[in-house]
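# Survey of secondary and tertiary structure
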Amino acid sequence: LDDAAGHPLMKVFFTGKEIKSIIEVMLVAYQDRNSSYYPRFFDLRFFFNPKRFFLDRVFDIQVKKNGQWQSVDIHDEKTLYSIGTTSYVGSFLWLIEKVSYGLFSIQPKNEQGEPIDGVKSALIPPHKHGQKELKAWVALIDHIARFRDTDNNGMPDIPVIGEYEEAPIVEVDSLSPYYLFKNATIVQWTASSLFIILTILGFFLALKLYKWSLRRK
């Protein structure tokens, strides 16, 4: 990376299954720490149920295409979706397998699906001559400059309605079997099975202890 101020932008590609893994890890950081870890996306939103077990709470991911939300197949391991972010945030993508203790395995790729070994290989080329990298702050200023000056004060105004106010996270707090097991992975199924088995064993143990206590009286 060059010595100029700011983090450059990068772009990588992931499958639907890998995107779910990324969001699950981001969701843990947001819920266990503070609002500074709030997952922020554009043209992507996801639905999760906090009643589901840890690391399998996301049951639907949607991306916007031609103005319409479309669900992503979160079990798909072939279709690729591009993700753009800063090099600072993107560098953590290579650490997900480590921080999840091997539960999630993701591989950043290029547009052809070939593995990318680090941030430098994923940097977005600058669109202006004389630049070595496309800095995030430069891209942000260029983007804001395209907004209309709605109050005639000589400065562009940032929209706060429409697609810009859509929440990327939709919480569905439910014990409904539909939301408990929709698009569930082995994590949810295994944890739920163990919970049911332990609950049944606990019931029979309590019943046996109760009968034993009656015989002693």
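Refer to the structure printed above.
These notes cover the structure that comes with them. (Residues numbered from 1 in each chain as written. Predicted model: local features only at pLDDT ≥ 70, side-chain atom pairs only at ≥ 80, totals over all residues. Heavy atoms only, no water.)

## As for helix α6 (residues 186–216)
- Taking 1.5 Å of rise per residue, 31 residues should cover 45 Å, and α6 covers 45 Å from first to last C-alpha, within 8% of that figure.
- For α6, the set of buried residues is V187, Q188, A191 and S192.
- Where α6 is buried, its residues touch α5 (177–181). (Helix = DSSP H or I, 4+ residues; strand = E, 2+ residues; numbered from the N terminus. Expected span 1.5 Å × (residues − 1). Buried < 20%, exposed > 50% of the residue type's maximum accessible area, 1.4 Å probe, protein only. Contact = heavy atoms within 4.5 Å.)

## A short note on the nonpolar core
- F46 and I61 are the most contacted members of the largest nonpolar core, which totals 27 residues.
- Secondary-structure elements contributing two or more residues to this core are β1 (9–15), α1 (16–32), β2 (44–48) and β3 (58–65).
- Sort the elements by how many residues they give to this core and α1 lands first, with six residues.
- If we skip the residues at most four places from it in the chain, F46 touches I23, L27, P39, F41, V58, D60, I61, P168, I169 and V170. (Core = buried A, V, L, I, M, F, W, Y, C linked by side-chain atoms within 4.5 Å.)

## Focus: the packing of aromatic side chains
- Going through the model one piece at a time under the given rule, you end up with eight aromatic pairs.
- Pairing F59 with Y179 gives two aromatic rings, centres 5.4 Å apart and planes at 55°, and the pair type is tilted. Placement of F59 in strand β3 and of Y179 in helix α5 is noted, with a sequence separation of 120 residues between them.
- A relative accessible area of 28% places Y179 in the partly exposed class.
- By the ring-pair criterion, three or more aromatic residues cluster together here, those being F47, F59, Y178 and Y179. (Phe/Tyr/Trp six-rings, centres within 6.5 Å; stacked < 30°, edge-to-face > 60°.)

## Observations regarding the pairing of β2
- Most of β2 is tucked away, with four of its five residues classed as buried.
- Here β2 pairs with β3 via five bridges, running antiparallel. From the neighbouring strand, F47 faces β3, where its bridge partner is D60.
- As paired strands, β2 and strand β6 (residues 169–171) are joined by three bridges and run parallel to one another. Its bridge partner being in β6, F46 is matched across the sheet by I169. (Pairing = 2+ DSSP bridges.)

Any link to function would need more than the numbers given here.
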